[in-house]
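A structural walkthrough
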Amino acid sequence: MYGRIESAWKWVQDGWIYRTTVPANTSATLHLKTNSIQNILLDGKKLKKGSGIQSWQKEGDEIILELGSGSYEFQITK
Amino acid sequence: MRISKPSYRHFLMALMFFFNAVICFSQTTIKNLQVDYQTEFLGSDDITPHFSWQMEGTPNNRGLMQTAYQIVVADEDENMMWDSKKTSGSVSLGIPYEGKKLQPTTKYTFQITVWDQKDAPITNSSWFETGLLDADPDPDKKMMWAQGY
C-alpha cells in the first residue's frame, strides 16, 4: 500500500466536478468522459503539463489523463 | 505614510517568513516504517526481514515521487549491520534485508532515507527486535509429549 486514494464527483448545472487524491510515489490514469480537452479545467485554469499532469490523450469519447500524486479538482463542462 | 528605516521588528518579520517557508517546503514525510508489514515488530523470527514505508506529502504537492532509497540497519551498540547505499527506484514495499546475519533477541534500529524527484532527501527511523530465530520448536531435543500411564 502506498497510501489512501480518494475519488469524488458532483453534478453541477453545466457539467460536473471531479475530485481525486493520488498518494505520494504513485500515479493514476483518469478517464473523463468528455470529447475535448477544452472542456476540462484544473484549479479554474486550462490543463497544462507539469504540476502533476504527466500527459493526456483523446480516445473515443474520453480524455485520458496520467496524474502524479497530489489532490486535484477538475471542472468538466458538458 | 512614513516609511521607517529597517528595524528590529522588520528583521523579526522577515525571519518569521523565512521559517514559515522552510516549514512549508519540508512537509514531505516517511511514515509507516515496517518490518514484515508490522510496525515496531517485536519478536521477528525472520532472518531475512522485509522493509516497507510510505511517502506522504501535502495534497498541493503534486507529482511527488521517490527516485531512490537507502536502508541502514544497526544494532544496539550502533554497529552497522547493513547499508543498502543509495539505490535508484520507486519501490517502497517488501525490500529484503541483505546485511550481516541477525542475532536472536536483539533490537535493531533501521533508518530509511528517500529521495524525491528533486533529489531532496527525507529520512525517518524505527526499530524491530528479533525473536529466537530458530524454526525448530525443540532446539535442545529435551522436550517430550505430556503423557500419563
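Let me begin by describing the structure that accompanies this report. (Residues numbered from 1 in each chain as written. Chains lettered and ligands numbered in written order. Predicted model: local features only at pLDDT ≥ 70, side-chain atom pairs only at ≥ 80, totals over all residues.)

Regarding the overall build of chain B
In terms of helices and strands, chain B carries 1 helix and 9 strands. Element order for chain B, N to C, with α for helix and β for strand: α-β-β-β-β-β-β-β-β-β. Within chain B, contacts between residues separated by at least 24 positions form 60% of all contacts whose residues are at least 6 apart in sequence. (Helix = DSSP H or I, 4+ residues; strand = E, 2+ residues; numbered from the N terminus. Contact = placed C-beta atoms within 7 Å.)

Structural notes on the nonpolar core
One finds Ile30, Met55, Ile71, Val73, Phe110, Ile112 and Val114 of chain B to be the most contacted residues of the largest nonpolar core, which totals 17 residues. Elements supplying a minimum of two residues to this core: strand S1 (29–35), strand S3 (50–56), strand S4 (66–75) and strand S8 (107–116) of chain B. Apart from residues no more than four positions distant in its own chain, Ile112 of chain B is found in contact with Ile30, Leu33, Trp53, Tyr69, Ile71, Thr123, Asn124 and Ser125 of chain B. Formed by 6 residues, the second largest nonpolar core is a distinct cluster that contains Val22, Leu65, Tyr72 and Phe74 of chain A. (Core = buried A, V, L, I, M, F, W, Y, C linked by C-beta atoms within 7 Å. Buried ≥ 20, exposed ≤ 12 C-beta atoms within 10 Å, placed from the backbone.)

Structural notes on the interface of chain A and chain B
Of the residues lining the interface, 11 residues belong to chain A; the matching set on chain B comes to 14 residues. Grouping the constituent residues of the side of chain A that touches chain B by class yields 2 nonpolar, 9 polar and no charged. (Nonpolar A, V, L, I, M, F, W, Y, C, P; charged D, E, K, R; others polar.)

Quick word on the environment of Leu64 of chain B
Here Leu64 of chain B shows up in the loop between S3 and S4. Residue classification places Leu64 of chain B among the buried residues on the basis of 23 C-beta atoms within 10 Å. The residues touching Leu64 of chain B, leaving out its near neighbours within four places in the chain, are Ala24, Asn25, Ser69 and Gly70 of chain A together with Thr28, Met55, Gly57 and Asp116 of chain B.

Some details on the sheet that holds strand S4 (residues 40–42) of chain A
Residue and element names in this part refer to chain A. One open sheet accounts for 5 strands, arranged S1-S2-S8-S4-S5; its pairing is antiparallel. A strand with exactly one partner marks an edge of an open sheet, and here the two such strands are strand S1 (6–12) and strand S5 (45–46). Note: S4 against S5, 2 bridges, orientation antiparallel. Counterpart to Leu41 in the pairing with S5 is Lys46. (Pairing = 2+ DSSP bridges.)

What to know about the sheet that holds strand S3 (residues 28–32) of chain A
All names here are of chain A. Pairing in this open sheet of 3 strands is antiparallel, and the strands run S3-S7-S6 from one edge to the other. Since the sheet does not close on itself, it has two edges, and those belong to S3 and strand S6 (53–59), each with one partner. Pairwise comparison of adjacent strand axes, ignoring direction, gives a mean angle of 20 degrees for this sheet. (Axes fitted to C-alpha atoms, helices over the stretch in contact; angles between N-to-C directions.)

As for the environment of Asp61 of chain A
All names here are of chain A. With respect to the secondary-structure elements, Asp61 resides in the loop between S6 and strand S7 (62–67). Along the backbone, Asp61 and Thr34 are 27 residues apart, and their C-alpha atoms lie at a distance of 5.9 Å. Not counting the four nearest positions on each side in its chain, Asp61 is found in contact with Lys33 and Asn35.

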